[in-house]
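Structural features, examined
Take a look at the letters that make up each chain.
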Number of protein chains: 2
Amino acid sequence: MTPDIPGWVTTVALTRPSLQDNTSDADRLVGALKKQLSTDVVKIDFEILKKLPDLLRKWNYNVRCVVFKDRERWILTHIDRAGDTPFPAGLAIDLGTTRVVLRLLDLASGKTLAESSFDNPQIRIAPDILARIHHADTAGGLTQLNDLIITGMNQAMTILCRSCSIDPVDIHLVALAGNTAMTHFFMGLNPHWIIREPYIPVVNRPGVLKAADLGIKAAPLARVLIFPNIGSYFGGDLIAGILYSGIHNAADSAILVDVGTNAEVVLGNSSWLIACAGAAGPALEGGVTRMGMMAAPGVIDRISIDPVTCKFDVHTIEEKRPCGICGSGVIDLAAGLFMAGMMDIRGRLLPEKCGKRLQRQNGIEHLVVVARNQSATGSDLTISQADMDSLIRSKAAMYTILETLTSSVGMVPGDLSTFYVAGTFGSFINPRSAISIGMLPDLPIDSYKPLGNSSLGGATLALTTPACVDEIDRIQGSITYLELNVNQEFMNRFSAAKFLPHTDPSLFPSVKRSIS
Amino acid sequence: MTPDIPGWVTTVALTRPSLQDNTSDADRLVGALKKQLSTDVVKIDFEILKKLPDLLRKWNYNVRCVVFKDRERWILTHIDRAGDTPFPAGLAIDLGTTRVVLRLLDLASGKTLAESSFDNPQIRIAPDILARIHHADTAGGLTQLNDLIITGMNQAMTILCRSCSIDPVDIHLVALAGNTAMTHFFMGLNPHWIIREPYIPVVNRPGVLKAADLGIKAAPLARVLIFPNIGSYFGGDLIAGILYSGIHNAADSAILVDVGTNAEVVLGNSSWLIACAGAAGPALEGGVTRMGMMAAPGVIDRISIDPVTCKFDVHTIEEKRPCGICGSGVIDLAAGLFMAGMMDIRGRLLPEKCGKRLQRQNGIEHLVVVARNQSATGSDLTISQADMDSLIRSKAAMYTILETLTSSVGMVPGDLSTFYVAGTFGSFINPRSAISIGMLPDLPIDSYKPLGNSSLGGATLALTTPACVDEIDRIQGSITYLELNVNQEFMNRFSAAKFLPHTDPSLFPSVKRSIS
């Protein structure tokens, strides 16, 4: 990129035509853009051609252009008069299975104008992807799923734009990152083969489409960049995450972990990238978040337990009275119980240390985290031995995946210099707790970098940093996908990881219990 | 091009997906096409993506593809099953101001299936371009002109396809060559500035458009290549003519002359091309064809005059009774009169040699070419001294243009090794006659090569020979347009060329009259 183009908006002052320079209007503009963008190919939509002669003359050959890049080709998607308001806007989208997040941007400055999110309206068909894909096989099912998300998106766009006093037709570029199935629903592409061996998406690299062709009510010529996937289980949200993390440009190897419904892991550097998805890890299906609640006011997000007094120090979101517990709270709880000796290395709650907190309900041991007189619900907030067993399987699967992935390139988890943790999980968990239970490797705490919504972050980069768009396909093309074969070696590793922190405590030298 | 792709149709057998090779349907097809076409970028339309999974499985991963090239990018415009009928068809169009010619092709073999032509329906608005452009400035005028040609084209396509038992939706590629104004009308682009100083078209390189966007009722995803122009007075028909002539690939310099309403001339070789258009030559406006009739049965197309007996030998098209005379007949007539001494070197009809054939009507000398008792009309077929004067101005302008163009690169007309003559003019004139009157330079007769409809020929090449498509922009980009300044030097040359064959007879050594 030339230095004067921080984003996708560029202003050009054309030489006025003369008998000595009688190049056509369109080729004159293309020529100026080619020079300004240092490129060979700039494409002008036919619809722009039709109005170009009048506009150029009206605007005295000074135009502000919104351009975008579709692989090797630059596209002019909009022209207006330099200095005209409203400004050209862009929209970054994280298209989640459960939640959709929108970020509205000023394309010229790259600044965020506003954000919003909404529940994926496809939830009314089914909360999970699998059931939605089966629904798409029924008559009209795919159209219905597509309509739901497109209509929902258009409504959310309208509201979001209104909050910034602009119109959706001022949106000229959109970048969307989502998992493979959601991306297919969004495009109205048949997801049938995604979940059937050998798991074939319709498309890996959808590239740049016209918003109008997708039903998205942005500017008439707006373009939508849809992040590519590398298969049914490793979607554009992860590619966006890699882009956002920058591991594909780093000299030292780093790892990126995204734990949502599945756990997806990417390891690599500027030379290579290797990835796997935790859908293949049996205990991680559903993930650690299933046992708790989504983060919300009153939900316990942090717990510490005094190893001497065994007293609980519970923190809730917005410091409301506690009403439940979320993933980060559960991990804190497990770590605290283990470090205080209230739970053994197999994850069993120990009556002699838990005392009155341990109660049997329906034949299963329950630990009272918050007593009824202090909870918002009026009931005890408890966690069962079964929940703990599930957590331990999840943490073991996570560690096994990390071990399998690193060993595939001759490394061990402890070799990692930087460990990016994406998503809500990454933002809320206490790495110290996750290390204590052996879920994450025993790295210095500052090796752990929460990324937040890296899918949205990557989509945003595509709209603010033109050079990033070239990197997307490069990332997609350089990833080696490691199929997690649940073979004997995997099961041995998994079994060893089911202890707290691990059967081999030398892997977790920092985890030292004061109690025996 | 790989040798197995003579045209734009290619058949690919895809590797079936497996757990070891789980590339998506679209990227699998793109990968195979990239390999087969030796290219980096193949674009699949969104509409094809939607049906691709079903089609690939139904067809067992064997597909016949119609591809096309839009600059650096290949586009997949159609897929069907290898061996399916009907075959993919292409349509080459010569979009003339007066007449539109269509050629239907089998894209796989490149063979012509059928041809047809129709009068440009815009004639009902005005016969000439200038008046049509003015009409486009009136309310609804441009839309009306656009509708006329698009509707006419669709009707002609339907009839032409029916003659080959195919449907217009079997047409997947279209290539269209026309002059700059006609091309603008066809695209619905505003032609206003084409005729106003400094004569700026909306676009020089329209490139490849979707037929549907133009209103052309071919296949839904059919593409239309519109030949580029280099300005208002040098259109895509000429670029197509250059492509067809091959002068842009020849080591030796050659010239291409197209005489229609205007005279357009291109001189060059594989290193450079220089062009000018005869609209700048005052006497050539209207051209030599104005004085006669269009070629039709009974029209005199060849005349020879015995230099001794002064007897006329008249040939008519289809050997019907004579009803008029066309351009080639007029040139033959002028040459014959001059060589027989019936006309002097100034082009004056000489009463002493013409005898009874010369008659005065309304104060102007008329030469009776065919007496009333032999004509189809029952009247004498005559040509006036004024017609002869007009021919001589035209031939002088033509020679002056050739002289100006060649001298601009340090050559003289006699240096030319090959002289391509395009259009009806090129097909019918007798070069010997044209040389005798000094309209064309005194080259060996076999230097003259008639090209026929070179505009249609170039459009056809774009549909049959993929490598030619890359050459179109290269030709457009390499032409230097010589503005014909009607200055003193031009007028001196013009005056010298108004003699038969020229004031300098040494330029025409082969023209030897037996009479003094």
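This text follows the structure it describes.
Attention in this report is confined to the structure presented alongside it. (Residues numbered from 1 in each chain as written. Chains lettered and ligands numbered in written order. Predicted model: local features only at pLDDT ≥ 70, side-chain atom pairs only at ≥ 80, totals over all residues. Heavy atoms only, no water.)

The subject of this paragraph is the pairing of strand 20 (residues 418-422) of chain B. Residue and element names in this part refer to chain B. Counting buried residues along strand 20, five of its five residues qualify, which places the element largely inside the surrounding structure. Where burial is concerned, the two faces of strand 20 agree: the one with Thr418, Tyr420 and Ala422 and the one with Phe419 and Val421 are both buried. With four bridges connecting them, strand 20 and strand 21 (residues 448-452) associate as parallel partners. In the strand pairing of strand 21, Tyr420 is matched with Lys449. (Buried < 20%, exposed > 50% of the residue type's maximum accessible area, 1.4 Å probe, protein only. Helix = DSSP H or I, 4+ residues; strand = E, 2+ residues; numbered from the N terminus. Pairing = 2+ DSSP bridges.)

Remark: the centre distance and the inter-plane angle together describe each pair of aromatic rings, the angle taken between the planes. Applying the stated rule across the entire model yields twelve aromatic pairs over all chains. Measuring from centroid to centroid gives 4.8 Å for A:Phe419 and A:Tyr448, while their planes differ by 45°, and the two rings are tilted. Of this pair, A:Phe419 sits in strand 20 (residues 418-422) while A:Tyr448 sits in strand 21 (residues 448-452), placing them 29 residues apart in sequence. Judged on exposure class, the residue A:Phe419 and its partner A:Tyr448 are both buried. For the pair B:Tyr399 and B:Phe508, a centre-to-centre distance of 5.5 Å together with 50° between the ring planes defines the contact as tilted. In this pair, B:Tyr399 is assigned in helix 10 (residues 385-408) and B:Phe508 in the segment after helix 15 (488-496), connecting sequence segments 109 residues apart. Across this residue pair, the class does not change: B:Tyr399 and B:Phe508 are buried. Members of the aromatic cluster, connected to one another through ring pairs, are A:Trp8, A:Phe68 and A:Trp74. Here A:Arg357 stacks its cationic end above the ring of A:Phe312, 3.5 Å away from the centre of that ring. (Phe/Tyr/Trp six-rings, centres within 6.5 Å; stacked < 30°, edge-to-face > 60°. Lys NZ or Arg CZ within 6 Å of the ring centre and 35° of its normal.)

Evaluation of the coordinates by the stated rule reveals zero disulfides over all chains. For the unlinked cysteine A:Cys161, the closest cysteine sulfur is that of A:Cys164, found at 7.1 Å. (Disulfide = S-S within 2.5 Å.)

Attention shifts here to the environment of B:Leu500. All names here are of chain B. Inspection of the secondary structure puts Leu500 in the segment after helix 15. Classification of Leu500 as buried rests on a relative accessible area of 3%. For Leu500 and Phe338, which are 162 residues apart along the polypeptide, the C-alpha to C-alpha distance reads 7.6 Å.

Further remarks concern the nonpolar core. Grouped together as the largest cluster of nonpolar side chains are 109 residues, with contacts concentrated most on A:Leu29, A:Phe227, B:Leu102, B:Met153 and B:Phe186. Ranked by residue count, the leading element in this core is helix 4 (residues 141-163) of chain B, at nine residues. Once you skip the residues sitting within four places of it in the chain, B:Leu102 turns out to touch B:Leu91, B:Ala92, B:Ile93, B:Ala114, B:Glu115, B:Ser116, B:Phe118, B:Met153, B:Ala156, B:Met157 and B:Leu160. In this structure, A:Val203, B:Val9, B:Ile239 and B:Val266 belong to the second largest nonpolar core, which totals 108 residues. (Core = buried A, V, L, I, M, F, W, Y, C linked by side-chain atoms within 4.5 Å. Contact = heavy atoms within 4.5 Å.)

On to the interface of chain A and chain B, then. Taken together, the contacts link 40 residues of chain A with 39 residues of chain B. Taking both sides of the interface into account, the surface hidden between chain A and chain B amounts to around 3,700 Å²; carbon and sulfur atoms contribute 56%. Two residues, B:Arg73 and A:Glu72, come together in a salt bridge whose shortest N-O distance is 3.2 Å. At the junction of chain A and chain B, the tally comes to 20 residue pairs in polar contact (both at pLDDT 80 or more). A total of six residues in the side of chain A that touches chain B trace back to one element, the largest contributor, which is helix 2 (residues 46-58) of chain A. (Buried area = accessible area lost by both parts, 1.4 Å probe. Salt bridge = Lys/Arg side-chain N within 4 Å of Asp/Glu carboxyl O. Polar contact = N/O pair within 3.5 Å; in protein donor to acceptor, adjacent residues only side chain to side chain.)

All names here are of chain B. In space, the six strands of this open sheet follow the order 21-20-11-12-13-22, with mixed pairing throughout. With one partner strand each, in any of the chains shown, strand 21 and strand 22 (479-481) form the two edges of the open sheet. Averaged over all neighbouring strand pairs, the angle between strand axes comes to 20°, with direction disregarded. Of the strand pairs in this sheet, strand 11 (residues 254-259) and strand 12 (residues 263-268) are connected by six bridges, and their pairing is antiparallel. From the neighbouring strand, Val257 faces strand 12, where its bridge partner is Val265. The strands touched by helix 10 are strand 11, strand 12, strand 13 (273-277) and strand 20; relative to strand 12, the strand with the most contacts, the crossing angle is about 25°. Across the sheet, helix 14 (residues 466-478) touches strand 13 and strand 22, and the angle it forms with strand 22 is around 35°. (Axes fitted to C-alpha atoms, helices over the stretch in contact; angles between N-to-C directions.)

Everything listed here is a matter of geometry and, on its own, says nothing about what the molecule does.
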